[in-house]
Structure formats: C-alpha cells, structure tokens
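What follows is the residue order along each chain.
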Amino acid sequence: MKLIKILAGLCSSLYIIQAGLHFLILLGLPLGGFFFGGLYTVFPLWLRPANLFFCFAWSFFAYFYLAYGQILTSCWTKRRQDLIMVMMTSLALLATVFNLFISSSLLEKYGTGSMTALTFLLSCCLLTLSKKSR
C-alpha cells in the first residue's frame with residue numbers, strides 16, 4: 001500500500017511540473033520548445049487558451065493520482081477510478097509516442113517526452129499494484 005502512495009505521488013508530481021510549465025507559457029515565458037513541437041518560443045496570444053486548458057487538465061490529473069493512491073479522499077467508486085486511470089494511462093502512452101517519436105523539438109522530445117514516458121511506466125505499475133492489492 002505504501003508503494004502505491006509513492007507511485008501516485010510521483011505521477012502527480014510529474015503532472016504538476018507539466019501544469020506549471022503550461023502556466024508559465026500562458027504568462028508569456030519563452031518555454032514553448034517544450035510543447036507543440038517547439039513551433040513557438042513564446043506562444044502567441046491566440047494559442048494561450050490551449051495552455052490554460054492543459055494547465056487545468058494536468059492539474060486535475062495530478063489531483064486524480066493523489067486520490068487514486070488514497071493520499072486524498074475521493075467520492076468516486078473504485079471501479080470508476082480504475083476506468084479513469086486506464087484512460088489517463090492511455091493518454092500518457094499517446095503523449096509519450098508523440099513526444100518521443102513525432103515531435104521535432106529536442107526540448108519536447110527529451111524534456112516533456114521523458115516525463116510522459118516515466119508517467120506512463122509509473123502509471124502502469126500503479127494500475128498493476130492496485131489490482132493485485134484487492
């Protein structure tokens with residue numbers, strides 16, 4: 001059970017870092033090389049709502065990992081949590097494939113790509129351990 005909490009905390013931390021990066025880009029900092037293929041160094045104003053969306057989405061994911069690891073309380077059933085966790089793990093796999101193999105930005109490939117790959121692997125371990133502990 002302690003390992004589940006550690007894995008959930010690590011996954012949550014990785015998503016908090018990504019949410020923070022999106023928030024800094026939203027503010028106009030020149031960190032655009034980490035996202036969207038490095039197309040923009042400073043994101044244009046018309047594209048910043050996407051950063052706001054990702055900031056909220058990754059923040060929710062961070063919260064959800066903490067709830068799944070029973071670090072925070074949750075009102076969801078375990079079955080629904082498992083379903084959401086499988087969807088989030090699948091999304092982490094898609095993000096990993098895009099970041100590592102499709103993106104031409106080195107910052108995205110090795111920066112956010114390594115974070116999403118680590119999140120995917122930890123999430124798979126978390127799912128496996130969670131199912132074994134029942």
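Look up: the structure comes first, before these words.
On a predicted model such as this, the values are computed, not experimentally measured, just so you know.

What counts as what
- Residues numbered from 1 in each chain as written.
- Predicted model: local features only at pLDDT ≥ 70, side-chain atom pairs only at ≥ 80, totals over all residues.
- Heavy atoms only, no water.
- Helix = DSSP H or I, 4+ residues; strand = E, 2+ residues; numbered from the N terminus.
- Rg over C-alpha atoms; globule rule 2.2 N^0.38 Å.
- Contact = heavy atoms within 4.5 Å.
- Areas by Shrake-Rupley, 256 points an atom, 1.4 Å probe, with all protein chains shown as cover.
- Polar contact = N/O pair within 3.5 Å; in protein donor to acceptor, adjacent residues only side chain to side chain.
- Phe/Tyr/Trp six-rings, centres within 6.5 Å; stacked < 30°, edge-to-face > 60°.
- Buried < 20%, exposed > 50% of the residue type's maximum accessible area, 1.4 Å probe, protein only.
- Expected span 1.5 Å × (residues − 1).
- Patch = residues over 30% accessible without salt bridge, like charges linked within 9 Å, V, L, I, M, F, W, Y side chains within 5 Å.
- Salt bridge = Lys/Arg side-chain N within 4 Å of Asp/Glu carboxyl O.

(A) How the structure looks around the overall build of the chain. Check the secondary structure of the chain and you find 4 helices and 0 strands. Secondary structure of the chain in N-to-C order comes out as α-α-α-α. Computed over its C-alpha atoms, the radius of gyration of the chain comes to 15 Å, within 12% of the 14 Å expected for a compact globule of 134 residues. Dimensions of the chain along its principal axes, counting C-alpha atoms only, are 45 × 30 × 20 Å. Sequence-distant contacts, at least 24 apart, represent 61% of the contacts inside the chain between residues at least 6 apart. When the accessible surface of the chain is summed, it comes to about 7,400 Å², and 76% of that surface belongs to carbon and sulfur atoms.

(B) Structural view of the environment of S74. With respect to the helices, strands and loops of the structure, S74 is situated in the loop between α2 (48-68) and α3 (78-102). Along the primary structure S74 and E108 are separated by 34 residues, whereas in three dimensions their C-alpha atoms are 33 Å apart. Ignoring sequence-local partners within four residues, the contact set of S74 consists of A67 and Q81. A distance of 3.0 Å separates polar atoms of two side chains, one belonging to S74 and the other to Q81.

(C) Spotlight on the packing of aromatic side chains. Evaluation of the coordinates by the stated rule reveals 17 aromatic pairs. Ring geometry for Y15 versus F61: centroids 5.2 Å apart, planes at 85°, classification edge-to-face. Of this pair, Y15 sits in helix α1 (residues 2-26) while F61 is found in helix α2, placing the two residues 46 residues apart along the sequence. The same class applies to Y15 as to F61, namely buried.

(D) Looking closely at α3. Over its 25 residues, α3 extends 35 Å from the first C-alpha to the last, a length consistent with the 36 Å expected when each residue adds 1.5 Å. Those residues of α3 that sit buried are Q81, D82, I84, M85, M88, T89, A92, T96 and N99. The inward-facing, buried residues of α3 contact α1, α2 and α4 (106-132).

(E) Region of the structure containing α1. For α1, built from 25 residues, the straight-helix expectation of 36 Å at 1.5 Å per residue is met to within 8% by its first-to-last C-alpha distance of 36 Å. Of all the positions in α1, only I4, L7, A8, C11, S12, L14, Y15, Q18, A19, L21, H22 and I25 are classed as buried. For α1, the elements touching its buried residues are α2, α3 and α4. Looking one or two residues beyond α1, the residue adopting positive phi is G28, at roughly 105°.

(F) Geometry of the environment of L52. Residue placement: L52 occurs in helix α2. Residue L52 is classed as partly exposed on the basis of its relative accessible area, which comes to 37%. Once the C-alpha coordinates of L52 and H22 are considered, the two residues, 30 residues apart in sequence, prove to be 7.0 Å apart.

(G) Region of interest: the side chain of S123. Along the chain, the position of S123 falls in helix α4. According to the relative accessible area criterion, S123 is buried, its value standing at 0%. Apart from residues no more than four positions distant in its own chain, S123 is found in contact with C11, Y65, M85 and T89.

(H) Just a nonpolar patch on the surface, in detail. Taken together, the side chains of L93, V97, F98, F101 and I102 define a hydrophobic patch exposed on the protein surface, amounting to about 480 Å² of accessible area. Residue classification places V97 among the partly exposed positions, given a relative accessible area of 36%.

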